[in-house]
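Take a look at the letters that make up each chain.
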Amino acid sequence: MKLRLRRCLRSTNLLAFFAAVLLTMIATRGEAEPLPLERAIRLALVHSTASAIANADVQRAFASYRELRNNYLPQIVAGSGLGWSYGYPLSIEGSAPALANAVAQSTVFNPAQRQFLHAAKMEWHASEFQDKDQRNAVIQDVALTYAELAKWEARLQRLQQDEAQAQQMEQAVAERLQEGVDSAVDLNKAKLTAARVRLHRAEARGNADVLRRHLSTLIGLPVSSIELAPETIPALPPVASEEDLSEKAIASSPAIKLAEQHSLAEAMRASGEHRALYPSIDFSAQYARFSTFNNYTKYFPPHTFQVDNATIGIALRIPLFNASQRARADAAEAQALKAKKQAEAARNQVAEETLKLQRAAEQLEAAREVAQLEYQLAQSGLEAAQTRVDAKTGTLHELADARVQAAERYLLFQDADFEYQRIRVNLLRATGDLENWALPNPASK
């Protein structure tokens, strides 16, 4: 005899099963997975609106280039010019009335068009350099946001410990005040120390929340699912003080290449405006099928009139005098000169900024080392004060002063370390090494 569950019990079991599965999925989603820096950057490159805009500019520039290039291909238009004629059959939009017509036109020889085509090609390549520069900007933004967020999160963990110790110290001083060992001034000092820790913690929490939101916007992930992995930040390469990085930055800067390509495009466009005064040749062909109700037979002999008609040939244009075009060519020459000088200015600016970044990186590296040594000394002083207190040879206030000094030195070291990272990342972008540093592993296909 087989035992069978009743339908209500089977339904209850199914509901319980699906509820358990749903709770498991929610719990799994609630657990944030560590987000390495490289994955964050790749997500940002896919999700970034700035990169999408730059890519759209590349597509637009390429389409403009193809538009000019396709002028050498015949453009065929077919249609009809139906109409009623009174008297002699007049033209309709430049063509004789016809049941059906087709027109084909293309450029055969046009020196101006050829230069404009080269200019459009240069602008297309320039937009590619702009897209690369925007890609580097996204990588830089993500890397710096990630590093700064890691800094504030580490500070929050340290401040939590400092706050607990400050509260214990405040409570101990309050008890010593009741016993008549400490004074009210000592209690106010302990309260001030605790208040400063709370202020630093509120500052760290606020900055961390803002940076986490910004990182979430960049990579397209929810704020709650972002868990940093600071150990995935690659080590920064050393800076050789004797090496001049300006030349390397000039050779690899997308901004300089963009300005140079734009300068060449303007020069070719100016040449095209001058060559608009040269002769040009176009190909043209036309077919038309005439009707008998447009009075053709009244003005043409019936034995010579035919329904199907076609014309094929070339159109030769020889400009004789065009003062307006000459003025337009002079304006294009001035624009080309302006673009050339802007390219030179961009080259000088990149060289100067790179040198400033290189010297600033050297100074900040030394400042970070000083801050690190000062923090280590303060930490050693704190450990020594704790040892004296444990041995009952030191005072509680000496321990409190040592903790305050160690906490301050830690904050200064964190700030110096991040400032050095910020300058080094900017220098990597200037020299064209940012992507190789941030994305050492090629993207899997």
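What counts as what
Residues numbered from 1 in each chain as written. Predicted model: local features only at pLDDT ≥ 70, side-chain atom pairs only at ≥ 80, totals over all residues. Heavy atoms only, no water. Helix = DSSP H or I, 4+ residues; strand = E, 2+ residues; numbered from the N terminus. Expected span 1.5 Å × (residues − 1). Polar contact = N/O pair within 3.5 Å; in protein donor to acceptor, adjacent residues only side chain to side chain. Buried < 20%, exposed > 50% of the residue type's maximum accessible area, 1.4 Å probe, protein only. Patch = residues over 30% accessible without salt bridge, like charges linked within 9 Å, V, L, I, M, F, W, Y side chains within 5 Å. Areas by Shrake-Rupley, 256 points an atom, 1.4 Å probe, with all protein chains shown as cover. Salt bridge = Lys/Arg side-chain N within 4 Å of Asp/Glu carboxyl O. Core = buried A, V, L, I, M, F, W, Y, C linked by side-chain atoms within 4.5 Å. Contact = heavy atoms within 4.5 Å. Axes fitted to C-alpha atoms, helices over the stretch in contact; angles between N-to-C directions. Parallel < 35°, antiparallel > 145°, perpendicular 65-115°, else oblique. Left-handed = near helix turned anticlockwise from the far one by under 90°. Nonpolar A, V, L, I, M, F, W, Y, C, P; charged D, E, K, R; others polar. Pairing = 2+ DSSP bridges.

A.B. asks: Account for helix 9 (residues 323-390), with residues named and values stated.
C.D. replies: Here helix 9 contains 68 residues, and its C-alpha end-to-end distance of 97 Å stays within 8% of the 100 Å for a straight helix at 1.5 Å per residue. Here helix 9 starts with a cap whose side-chain oxygen sits 3.4 Å from the backbone nitrogen of Ser-324, and that cap is Asn-322.

A.B. asks: Residues and numbers for the environment of Glu-170, please.
C.D. replies: Looking at the element boundaries, Glu-170 is found in helix 4 (residues 111-178). Judged by its relative accessible area of 22%, Glu-170 falls in the partly exposed class. Along the sequence, Glu-170 and Gly-79 sit 91 residues apart, while their C-alpha atoms lie 93 Å from each other.

A.B. asks: Go over a nonpolar patch on the surface with me, naming the residues and quoting the values.
C.D. replies: On the surface, Tyr-88, Leu-90, Tyr-299 and Phe-300 cluster together to form a nonpolar patch covering roughly 440 Å² of accessible area. Residue position: Leu-90 is located in the loop between strand 2 (75-81) and strand 3 (98-109).

A.B. asks: Describe in detail the side chain of Glu-163, supporting the description with residues and values.
C.D. replies: Residue position: Glu-163 is located in helix 4. Given a relative accessible area of 13%, Glu-163 falls into the buried group.

A.B. asks: Tell me about the nonpolar core, and name the residues and values.
C.D. replies: Grouped together as the largest cluster of nonpolar side chains are 35 residues, with contacts concentrated most on Ile-41, Val-142, Leu-215 and Ile-219. Where this core is concerned, the elements lending two or more residues are helix 2 (37-47), helix 4, helix 5 (184-219), helix 10 (396-431) and helix 11 (434-438). Considering every element that reaches this core, the biggest residue donor is helix 4, with 12 residues. The contact partners of Leu-215, leaving out residues within four places of it in the chain, are Val-142, Thr-145, Tyr-146, Leu-149, Ile-226 and Leu-228.

A.B. asks: How would you sum up the packing of helix 4 against helix 7 (residues 254-275)? Please name residues and give values.
C.D. replies: Between helix 4 and helix 7, the least distance of the axes is 8 Å, while the angle of their chain directions is 165°. As far as their axial angle goes, helix 7 and helix 4 are roughly antiparallel. Handedness of the helix 4/helix 7 crossing: left-handed. Split into classes, the residues belonging to the contact of helix 4 with helix 7 amount to 12 nonpolar, nine polar and eight charged.

A.B. asks: An account of the pattern of salt bridges is needed here, citing residue identities and associated values.
C.D. replies: For side chains bearing opposite charge, pairing can occur when the charged atoms are close. All chains considered together, the criterion is met by 21 salt bridges. A single network of salt bridges, built from pairs that share partners, joins Glu-123, Glu-266 and Arg-269.

A.B. asks: Tell me about the sheet that holds strand 3, and please be specific about residues and values.
C.D. replies: Ordered in space as 2-3-5-6, the four strands form an open sheet in which the pairing is antiparallel. The open sheet is flanked by strand 2 and strand 6 (308-317), the only strands paired with a single partner. Direction aside, the axes of adjacent strands within the sheet are offset by 15° on average. Here strand 2 runs beside strand 3; their pairing, made up of six bridges, is antiparallel. Residue pairing in the sheet places Gly-79 in a bridge with Asn-101 of strand 3.

A.B. asks: Before we move on, could you go through unusual backbone geometry and cite the residues and values that matter?
C.D. replies: Residue Asn-295 is not a glycine yet carries a positive backbone phi of 65°. One can find Asn-295 in the loop between strand 5 (280-289) and helix 8 (296-299). Asn-295 sits in the buried class, given a relative accessible area of 12%. A positive phi angle, close to 60°, is found at Lys-392, a residue other than glycine. Tracing the backbone shows Lys-392 in the loop between helix 9 and helix 10.

The values reported here are purely geometric and, on their own, carry no functional implication.
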